[in-house]
Amino acid sequence: MESKSRIDIISLFLFICIAAIGVASVYSATSEQGAYTLLEGRSGKQLMWFGVSAFLGIVIFLLNANFFEVFSWYFYVALMLLLVVVLVIGADINGARSWIRVGSFSIQPSEFAKYGTAFAVASLLSSIGVSFEKRNDLLKMLGVILLPAILIILQGDTGSALVFSSFVLVFYREGLTPLILILGLVVVFIFVVTLVYGGVYFSIGVLVILLVFYAFTYTNKNLLVPSITIAVLAILLSMSVQFLFTNILQEHQKKRIQVTLNLIEDNRGAGYNVNQSKIAIGSGGATGKGFLNGSHTKGNFIPEQETDFIFCTIGEEGGWVMSSLTIALLVAFILRLYHLASRAKKKFKRIFIFSLASIIFFHLMVNVGMTIGLMPVIGIPLPLVSYGGSSILAFSIFIFTALKMDATRDEDLISIYS
Amino acid sequence: MNNHRAGYIYLALLLIGVIYILRLLQIQVLDDKYAVIAEKISLRRQTVYPQRGLIFDREKNLVVYNEPVYDLMLSLPIRLKGIDTGSFCEILEIDRREFDKRLAKAKKRSYRGKSVFKKNVSNILYARVQERLYEFKGFFFEIRQDRNYKYNSAAHVLGYLGEINRNQLKKQEEGYYEQGDYNGKKGVERFYEDYLRGVKGEKYFYVDKFGVNKGSYKEGKLDVEPIDGNNLFLSIDIDLQQYGELLLNNKMGSVVAIEPQTGEVLALISSPFYNPANFNIQNRGKFYSKAINDPTKPIFNRAVSAPYPPGSTFKPVMALIGLEDGAISENTHFGCPGYYKLGRRIIKCHEHTYSTSLQRSIASSCNTYYCNTFKSMMQLDKYANTEEAYNSWRNYLQSFGLGAKLGVDVSGEFKGWLMDPSFYDKMHGKDRWSYANIISLSFGQGELGLTPLQMANVASSIANRGYYFPPHVVKQIEGIESIPQKYLIKKHIKVSPSNFSPVIEGMFEVTKTGTGSGVAIKGIDIAGKTGTVQNPHGKNHSAYMAFAPVNDPKIAIAVVVEESGYGATWAAPIAHLMIEHYLQPDSVEVSSREYLETKMKNSNLIPVKYRELQDASLYGK
Ligand SMILES: [Zn+2]
């Protein structure tokens, strides 16, 4: 059985590939015409974070596999406390109070909160007797993911808070009714249609559909009440979306959404980043301008290029080939993690690994989507690629913990059968 | 069931991956709009200015050279932020208010992503700012060539540069110039602009958000090296020019000296003149209004722009025409009682022997002789009437290049005055005028105006015994086979060569025994003619025309000194000193003439009322 408790080579290989692309891109985005080497500056730091990660990975592999399961709630509670601490003593960077200064380093607890929450969710869902049928259990699940999300929103970092919605995928996978997901999609649909066409037109549209529906089904009296109810709910939702949008959302949030929906063109203000980002990626062509040769990257036209907009550098210098390859590698990595989740023998491990995969999925979708104008600008990093110590460390620990769980899956079999 | 659900999630993931890759295919490969935009945003073209051609004198002494001027530029002024304004102002020696004012202006005038923040920054300031430029993102220098001068001399010949004006910009055919480029405005800078300017090059490079250079585009494959302008060799002898300027110090007047065999101008002086360095790009703003407000008109190029009645210097020409037309012969004598009687009018002459030969009439400048000559020409039987006779006289003058521009390569040339018969028709009525009405033309007064250049060209034509080459100030353009063709075409005077001898003898007599003998030069045979030009506004203008040596002319010269007195007192000595300076620079005689030279240098003939309005800094003395 010795041979089977080894780290998953495919995941590790994909991890290293993605990290390498990241380090190279950070180097290109930050080094001024090769003013320093890969080992200096931000790319050097990025490498250092991966070094630390590798060290922590080894530590994780030396731990007993059950350690995590036993202490999962401690992780969660500790990290939630850290989120509260941040609110009190956190340093204000770019308008968000989400950093804690430790000596010369700043750490961002919200990046680690996902890790802790994954433990809590895995622990909660795998505990005996928990069911999606029970309202109390549902409230517990909601509470476990809403608590960090709300704390992070209070820090002023809405983007990072949205990441916790990826746990809904986990819940769905574990038995949550798909109605929630469908409802979520319907809400998004109504939201978009309302903003694009306006609440009034939406309501008229709904009424027209209702009339047509009624004309075909008027013989069936049973359908009348529910269909009217749905229509009224839809109209009410649309109205509240309109209200929410005009009265609750802040100006910059409104603009980001409007720019994404192509409702306004604002290439200097809210749309500046996306516009420059699209130009940088679009100008890369099929094979790119060559490593370190991206004129848009070198010109610092895109703010936060080494962090949230790192994909621009890949797209500009590596062209379609490299940007597609990067996406493909990330998708493959996520799929592999899903595979690891599915082959876990313990529910706790399955849910934990599945959470990790879903979080990376969400990051990939939102981060790349915003750089190519398919998503609103939500400031979250591209996992393992974007520059940033907290993000790199948090994801690495997360991944190594998952790999450790996978490596020891056969022991679970033994413990189950023994 | 849950495996089923996991499958949906995998599918969603794959779908997102495929959508994103297809979206990337669209914006990266299928749509090249973004590549175009990216280049527009980050690619810059910069003009590389060539070295403007240098200007040398005929002895290959460097006269005009280039000096860089630095314009402090600001790229994308709207993006300017995060610079330490305080220390920037301190380095630039401006206050915060001026900074804001300049920035506001720069924002308004931004052109092709850049605008001027401060023009003509001094060398010292340039060095100081350049050193710390990296701190002030967005600021950069544009270097252009201004002119500087080895001598405070020849300003009118050289001309100056200036920013190209809107009209020229619009009219240009090849689209060579851009807004803000310099071109020659006056003098040879203007006439030889096409040779001097060279060909601009260009450089392509990437810039960042602040417009800072981020390296060349395609390793400079598209860059074009500038081609330097052609050097110019003037026909001007800068030493002679300076000497003449010294003699005309504190005088209003002009000297033009020409090499007769070639038409090359050796010196072209208009006094007062300004220091050419005061009129370069950096300084002209400061000095222009001073020059405009100076009542002695230092910008006005008297040598080519001011028409003076030639006075008695015209007599040799009149004699040549009389001989050629048959009004007089070599042996014609006229008696002069000291005046010429015209009906009830008396035209005064001055004391000299009663009977006058042709030669003596020139040497002693007898008005009566020329009144008679003119009268007999106007009444020759071959002419049906006065108008026909006048036209014939006018034709002779036109062959000397009078009444029309000679086409010299110096700005502001005026054609002079030589009236059409219709002028007299209007004045007196058709066929109602005769020689009597225009008799003063015979001794160079009346409706006749010659620029000093035309006067010198007449001297040159007489020296050549019947021809001239159009005068010009450029001897050679480096890299070009010849100067403009029009300066190489010989122009013939409508007087046969044989008729020149008696006139030249008379002119030689002037410096031996006549009006110019007082300032004769030992060892050089000079043929000359003095003139004292009546000036209704003040003292007479002193004029002189000469060439030397008589038998092998090397220099022809005309001198006018305004409001000074007799031709023999001022113009003749200046001409003789210059002739000597040119022909015998090392002559021992120089010391014996020191008195004359000192007198010319030190006399101030500028009317007193003008003197206090002159600004010495303009002249650079
Ligand atoms: Zn007389």
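So, how was this worked out
- Residues numbered from 1 in each chain as written.
- Chains lettered and ligands numbered in written order.
- Predicted model: local features only at pLDDT ≥ 70, side-chain atom pairs only at ≥ 80, totals over all residues.
- Heavy atoms only, no water.
- Helix = DSSP H or I, 4+ residues; strand = E, 2+ residues; numbered from the N terminus.
- Contact = heavy atoms within 4.5 Å.
- Donors = N, O, S within 2.8 Å, 3.2 Å for Na, K, Ca; no water.
- Tetrahedral: all angles 85-135°; square planar, octahedral: opposite > 155°, others 65-115°.
- Buried < 20%, exposed > 50% of the residue type's maximum accessible area, 1.4 Å probe, protein only.
- Expected span 1.5 Å × (residues − 1).
- Buried area = accessible area lost by both parts, 1.4 Å probe.
- Polar contact = N/O pair within 3.5 Å; in protein donor to acceptor, adjacent residues only side chain to side chain.
- Nonpolar A, V, L, I, M, F, W, Y, C, P; charged D, E, K, R; others polar.
- Salt bridge = Lys/Arg side-chain N within 4 Å of Asp/Glu carboxyl O.
- 1 Å grid on protein atoms, 1.4 Å probe; cavity = no way out; pocket = protein on both sides within 12 Å on 5 of 7 lines; lining within 4 Å.
- Points joined across faces, edges and corners; volume = space filled by probe spheres on them.
- Axes fitted to C-alpha atoms, helices over the stretch in contact; angles between N-to-C directions.
- Parallel < 35°, antiparallel > 145°, perpendicular 65-115°, else oblique.
- Left-handed = near helix turned anticlockwise from the far one by under 90°.

Moving on, we get to the side chain of Ser365(B). In this structure, Ser365(B) sits in the loop between helix H14 (358-363) and helix H15 (367-378). Beyond its immediate sequence surroundings of up to four residues, Ser365(B) is in contact with Ser312(B), Lys315(B), Cys349(B), His350(B), Arg360(B) and Lys529(B).

Moving on, we come to the coordination of the zinc ion. Residue and element names in this part refer to chain B. Note on the zinc ion: its protein donors are Cys336 (SG), Cys349 (SG), His352 (NE2) and Cys366 (SG). The metal-donor distances range over 2.0 to 2.3 Å. Between the four donor atoms coordinating the zinc ion, the angles at the centre fall across 105 to 118°, so the site counts as tetrahedral. Between consecutive donors of the zinc ion, the numbers of intervening residues give the motif C-x12-C-x2-H-x13-C. Here His352 is found in the loop between strand E15 (345-348) and strand E16 (355-356), whereas its partner Cys366 is found in the loop between H14 and H15, with 14 residues between them in sequence. A relative accessible area of 21% places His352 in the partly exposed class.

Moving on, we come to helix H20 (residues 571-583) of chain B. All names here are of chain B. Along its 13 residues, H20 runs 18 Å from first to last C-alpha, staying within 8% of the 18 Å computed at 1.5 Å per residue. Counting buried residues in H20 gives eleven out of 13 residues, a clear majority hidden from the surface. Turning to H20, its buried residues number three or more, namely Ala571, Ala572, Pro573, Ile574, Ala575, His576, Leu577, Met578, Ile579, Glu580 and Tyr582.

Our next topic: the interface of chain B and chain A. Tallying the contact residues gives 35 residues for chain B and 50 residues for chain A. Overall, the association of chain B and chain A removes approximately 3700 Å² of surface from exposure, summing both partners, and the carbon and sulfur fraction of that is 68%. In this structure, the connection of chain B to chain A is made through nine residue pairs in polar contact (both at pLDDT 80 or more). The set of elements that each furnish at least two residues to the side of chain B that touches chain A consists of helix H1 (2-30), helix H2 (33-42), strand E8 (201-207) and strand E9 (213-216) of chain B. Of all the elements, H1(B) adds the most residues to the side of chain B that touches chain A, at 21 residues. Here the residues of the side of chain B that touches chain A are counted per class, giving 23 nonpolar, six polar and six charged.

The next point concerns the pattern of salt bridges. Under the defined criterion, the tally for this structure stands at 34 salt bridges over all chains. Note that Glu306(A) is salt-bridged to Arg42(A), the shortest N-O span being 2.3 Å. Of the two residues, Glu306(A) sits in the loop between helix H13 (295-298) and helix H14 (310-343) while Arg42(A) sits in helix H2 (residues 41-62), which places them 264 residues apart along the sequence. Residue classification places Arg42(A) among the partly exposed residues on the basis of a relative accessible area of 34%. Residue Arg58(B) pairs with Glu264(B) through a salt bridge whose shortest N-O separation is 3.0 Å. With Arg58(B) in the loop between strand E2 (55-56) and strand E3 (62-75) and Glu264(B) in strand E12 (residues 264-271), this residue pair connects regions lying 206 residues apart in the sequence.

According to the stated counting rule, one finds four cavities of 30 Å³ or more in the structure shown. Looking at the largest cavity, it is lined by 14 residues, and the ones nearest its centre are Tyr49(B), Pro50(B), Arg52(B), Tyr182(B) and Arg197(B). When grouped by side-chain class, the residues that make up the lining of the largest cavity number six nonpolar, two polar and six charged. If you trace the second largest cavity, you find ten residues lining it, with Arg256(A), Val259(A), Thr260(A), Val274(A) and Val377(A) closest to the centre.

This paragraph deals with the packing of H14(A) against helix H15 (residues 347-371) of chain A. Residues and elements named next belong to chain A. Contact geometry for H14 and H15: axes closest at 9 Å, N-to-C directions at 160°. Overall, the two elements H14 and H15 adopt an arrangement that is roughly antiparallel. Like other packed secondary-structure pairs, H14 and H15 cross with a definite hand, here left-handed. Contacts between H14 and H15 involve Phe311, Ile327, Leu330, Val331, Phe333, Ile334, Leu337, Tyr338, Leu340 and Ala341 from the first element and Arg350, Ile353, Phe354, Leu356, Ala357, Ser358, Ile360, Phe361, Leu364, Asn367, Val368 and Thr371 from the second. Considering only residue class, the contact of H14 with H15 consists of 18 nonpolar, three polar and one charged.

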